[in-house]
Each structure stands twice: as structure tokens, then as C-alpha cells.
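Inside the fold
Here's the letter readout for the chains.
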Amino acid sequence: MTPWLIFGAKAVGGLACQMGVGPAFTIVERRVAAWIQGRVGPNRVGPLGLFQPLADLVKFISKEQIVPADADRVLFLLGPLLVFAPPIFGFCVIPYGNMIGDEHLQIANLPIGVLFVMSVISTGVYGMMLGGWASNNKYALLGSLRASAQIISYELSLGLAILIAVMMSSSLDLNVIVEQQAGKGFGAWNVFGGGHLSQLPSGLLGFGLMFICALAENNRLPFDLSECEAELVGGYHTEYSSMSLGVFMLSEYLSMILMCGLMTSIYLGGWSFPGITDPSDHSILAGLISWAVFMTKILSMMFVYVWIRWTLPRFKYNQLMDLGWKAFLPASLVNIALLAVIGVMGV
Amino acid sequence: MTDPVFLITSLVAVGSAVAAVTRRNPVYAAVWLLICFLSFAVILLQMAAPFLAAIHVLVYTGAILVLFVFVIMLLNLKDDELGEEYGTGVWAAASALSLGLFGLMAWPILADPKLSAPLPELPADFGSVEAVGRVLFVEYGLPFELVSLLIVVAMFGAMVLAKKRLWA
């Protein structure tokens, strides 16, 4: 096969992980929500309601695209795209399976993969800010201010929590990080200390912090203050209709998938699972199994996202900011110092 | 020098920088500045500095420019609050001044024979995280720590300015 064909196959595979799961997860979210609340949920379109995302898509596309009279037309239409692109871009460096032959199951293998994902995530906030501002609506503006302030506040703790795993693996290459955790049992996962028992507390704390910060980064409950309907109508996408609203909603799921993929890769062993995957086996079947393990991990984490959404009440905004700046930031700094001391002492 | 990717990215960088300066609407100026920063990152990637490129995006577009946009959105100026449009004389003077400054910087670079000679072979790990880290923390360890001290002092300054009652 020519290199371009291989690259194309890898890109299609990577996109399928994200673009396939994203829309499908909207129905999972609604069914799980209904199940938690003791309702039935959408079950009319197709078997078990599984074609509901398709029906939603048709509905979104067939509605009229309305741009408010006083809105800034260019930025208003640019907003959803600026939110949509970064998660897809970031997923390029997530390894979604073991090697097949000599090829990593990863769209682009960068030596600075972790930094790349972080910098891409940090640009995702522009779409929300510009979209909310361009709507020329006070509620949309307030919603976008809240969303962006929350995201840049939690980005600090998120970055520091990612740094914990990077320090344990001493690499920024996501492939290297995953391979170090593969094939050596659960103890080698970075969440359980990356093979050193003395690092176990740092790993657990780092993963916990990262998970909560990821909830806040994705504007998910209990941190979805940017769109709490009781105060702000609908948040930064109040004025959006038709497919541009659909793109906003879809990008929320895409960035959830990116976050879960990143957490899985750097803390939970990526595509590896003791007893199921064999890192030295580079056959096609083993590659598919490792891919299935990776997707199972991502989907389980997203299930926890939904579970949390329908279990915990929403925070107040001052509580959110206090938590981010006064609890998580010091905790992650202490965690880094602790891990550095352990690393220097070499225990 | 005739690399087409470099040519395109540098043209985009210069064009968006000019647009950022000349836009009247501050939000559009910020958007052009965003494009300018991103094209810088691409140029850095081409110069075998991937670490610098990632940090550039992380710090400049992910943090600094977000704060700019934040302030612009909070002020949310109307058209009549933006002040008088500058006359042609001001534009001409500003352009002449910036072109002169550019010439002043470009002239010694172009005149120096050392800089027009072909570059020496770069070490294999040039621009990687390890190489940058070694230079920062080993070779220039003391200056690096002094700079971080400076940043801490600046942070305290910001806190003192922001707090209304310091000991409350």
C-alpha cells in the first residue's frame, strides 16, 4: 500500500471513533437519563429508538437558519465552526489501538502529542466567545463570558493534572505513554502509580483532578453554568437555530470524546487491558481487539459523565470559581511537588 | 527561502497583522490577531521548533488573547464610543514610521555576511522538549529562576492592585 492510502485509512479510522460515537451518544445520553429518572425516553424511531440521532439530524437540517437582525453575521456563522474544529484536530494524536504491522493506530504521531492536545483544547474557547458576542443578546453574552471564564480557569488545573502523568512516563509522546502502561498489569497504569507503588497517591489524585476538570472544561453538569436555563435562557447558543445549533451540540460530544480519549491514554492505559491485549502482537485481529478495548474505556467514561449529570445538582458560580482556584490549583501544585520529591529520591 | 508553505504562512501572518492593526472593530482585530498567532505557530513548526510552536499556541492564543477578547467583550463598545476616525496624515505617518523601523531592523540582518551564509547542520534533537529543557534548566538555570521570581513579584503586584482592602 502507498503511504497515502495508509494515512487515509488511519484518518478514516480515527474520525470514525469520534464522528461515529458523537451522534450515537446523544441517544445513549437520553436513554440513560430516562433510565436514571425512571422514564421511558425516546424509543419510537427505529428499534429501541436507535435511529433518533438520524431523525434529529434531518430536523436540524430542514429548519431555517436564522441570523438575528442586529447580529454580526460573519462571526455569528463562524462561531459554531470554531467550536467544532478543535476537538477533531486534537483527536489526531490520540492512539486508538495497538500497532498493526509497522503502523501505529493513530492519525499523526507527534513527539509532543500531549502539548498538542492541550494547545488545541485551549483554542476551543474562541467559538463560544465569538458566537455569544456576535449574537448581540445579553443572555448569550453572559453565557459565553461564563463559559470562557470557567474554561480558562480550569485549564490550569487540567494542565497540571496532565503534567502528573507526563512526569510519571517522562514523555510527551502519547504512544510512548500508552506503551509504558501496556502489558504489565494494572499497576503499570499511571492512575495506579505507573509501576511504582510510591506514586500511587499522586496517580489517584491526578486522575481525580483531571476527571473533574474535564467535566468543567466540557461545560458538563455539575459545572454547566454557562447554559443554566433558569437564569440564562440557553447560554451562548441562545440565538442559534438549525444546523448551527446542531454543530454546537455535536461539538460538545466531540470534545467529551477527546477528553475521555486523552484521560484514557495518559492515565488508564489507553488501548491496553491486562489479560485481553498483548502489546507485542501486531496482527490485524489484535489491533481490532485493542481498538475495542479503547472504545469500551471511552464509552464507560462517557457513561460516568451522563451518570454524574443526572445525579449531582448544579454548583453556584462562586463555588465553581472557588473550587477551581482555591482547591484544585493548590492541590495539583502540591501533587506535582510531591511527585517530584518522590522521583528525585528514587523510591 | 522559496519554500511555498513558508511563503504562504508568512504572507498570512503579515496580512493578518496589518488587518489586526487597521480594523476598527476591536473584536475583529482580535480575530485577525488570532490568525496571526496561529500562522506564527506554523512558521515555528517549519523551523524545527515543535515545542516552541505548541507553547506559542498554548500561551498566546490559549491564554493571552483570550483575556484580550474577554476584556473587549466585557466593555462591548458601541460604534459611537470608538472615538474619531484617524485622518490620512496620521495613517501615512504611522505607516512611514513602521516601515522605517522595519528597515532599521532588516538592514543589519541583510548586510551581515555571516547571516547570509548557509546554516550549519542542526543537532538531531534541536527544538525538542529535551533540548529546550536542558538549555533552560541547566545552561541558563539561574536566569530562568530570576525570571520566575520576577513573575511572582508581578503577580503579587496584580493582587495588591486588584484587592480593595488588602488585609480583609
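Note that this is a predicted model, so its numbers are computed, not measured.

In this section: the overall build of chain A. Tallying secondary structure elements over chain A gives twelve helices and two strands in all. In terms of C-alpha radius of gyration, chain A reaches 21 Å, essentially the compact-globule figure of 20 Å for 347 residues. By element, 71% of the accessible surface of chain A is carried by carbon and sulfur atoms, the whole surface being about 14800 Å². Averaging the locations of the 17 positively and 20 negatively charged side chains of chain A gives two centres separated by 9 Å.

Residues and elements named next belong to chain A. Taken together, the side chains of Trp35, Ile36, Phe303, Trp307 and Trp310 present a nonpolar region at the surface, about 540 Å² in accessible area. Those elements that provide at least two residues to the nonpolar patch are helix 1 (3–36) and helix 11 (284–309). Structurally, phenylalanine 303 can be placed in helix 11. Residue class for phenylalanine 303 comes out partly exposed when judged on its relative accessible area of 30%.

Each side of the interface is counted separately: chain B has 22 residues, and chain A has 22 residues. Between chain B and chain A, a total of about 2000 Å² is buried, with carbon and sulfur atoms accounting for 81% of that surface. Our enumeration of links across chain B and chain A arrives at zero salt bridges. There are three residue pairs in polar contact (both at pLDDT 80 or more) connecting chain B and chain A.

With that out of the way, let us pick up the confidence of the model for chain A. Per-residue confidence for chain A gives a mean pLDDT of 87; residues scoring 70 or more make up 99%. Mean pLDDT across the elements of chain A bottoms out in helix 9 (residues 229–232) of chain A (68) and peaks in helix 8 (residues 200–217) of chain A (91).

The next point concerns the packing of aromatic side chains. Residues and elements named next belong to chain A. With the rule as written, the count across this model stands at 19 aromatic pairs over all chains. With a centroid separation of 6.3 Å and an interplanar angle of 90°, the aromatic rings of tryptophan 4 and phenylalanine 7 are classed as edge-to-face. Of the two residues, tryptophan 4 and phenylalanine 7 are both situated in helix 1; the distance of three residues between them amounts to about one turn of the helix. Given a relative accessible area of 71%, tryptophan 4 falls into the exposed group. Consider the rings of tryptophan 189 and phenylalanine 273, whose centres lie 5.9 Å apart with planes at 70°: the pair is edge-to-face. Of this pair, tryptophan 189 sits in the loop between helix 7 (174–181) and helix 8 while phenylalanine 273 is found in the loop between helix 10 (242–266) and helix 11, placing the two residues 84 residues apart along the sequence.

What counts and what doesn't
Residues numbered from 1 in each chain as written. Chains lettered and ligands numbered in written order. Predicted model: local features only at pLDDT ≥ 70, side-chain atom pairs only at ≥ 80, totals over all residues. Heavy atoms only, no water. Helix = DSSP H or I, 4+ residues; strand = E, 2+ residues; numbered from the N terminus. Rg over C-alpha atoms; globule rule 2.2 N^0.38 Å. Areas by Shrake-Rupley, 256 points an atom, 1.4 Å probe, with all protein chains shown as cover. Lys, Arg positive; Asp, Glu negative; His and termini not counted. Charge placed at Lys NZ, Arg CZ, Asp CG, Glu CD. Patch = residues over 30% accessible without salt bridge, like charges linked within 9 Å, V, L, I, M, F, W, Y side chains within 5 Å. Salt bridge = Lys/Arg side-chain N within 4 Å of Asp/Glu carboxyl O. Buried < 20%, exposed > 50% of the residue type's maximum accessible area, 1.4 Å probe, protein only. Contact = heavy atoms within 4.5 Å. Buried area = accessible area lost by both parts, 1.4 Å probe. Polar contact = N/O pair within 3.5 Å; in protein donor to acceptor, adjacent residues only side chain to side chain. pLDDT = per-residue confidence, 0-100. Phe/Tyr/Trp six-rings, centres within 6.5 Å; stacked < 30°, edge-to-face > 60°.

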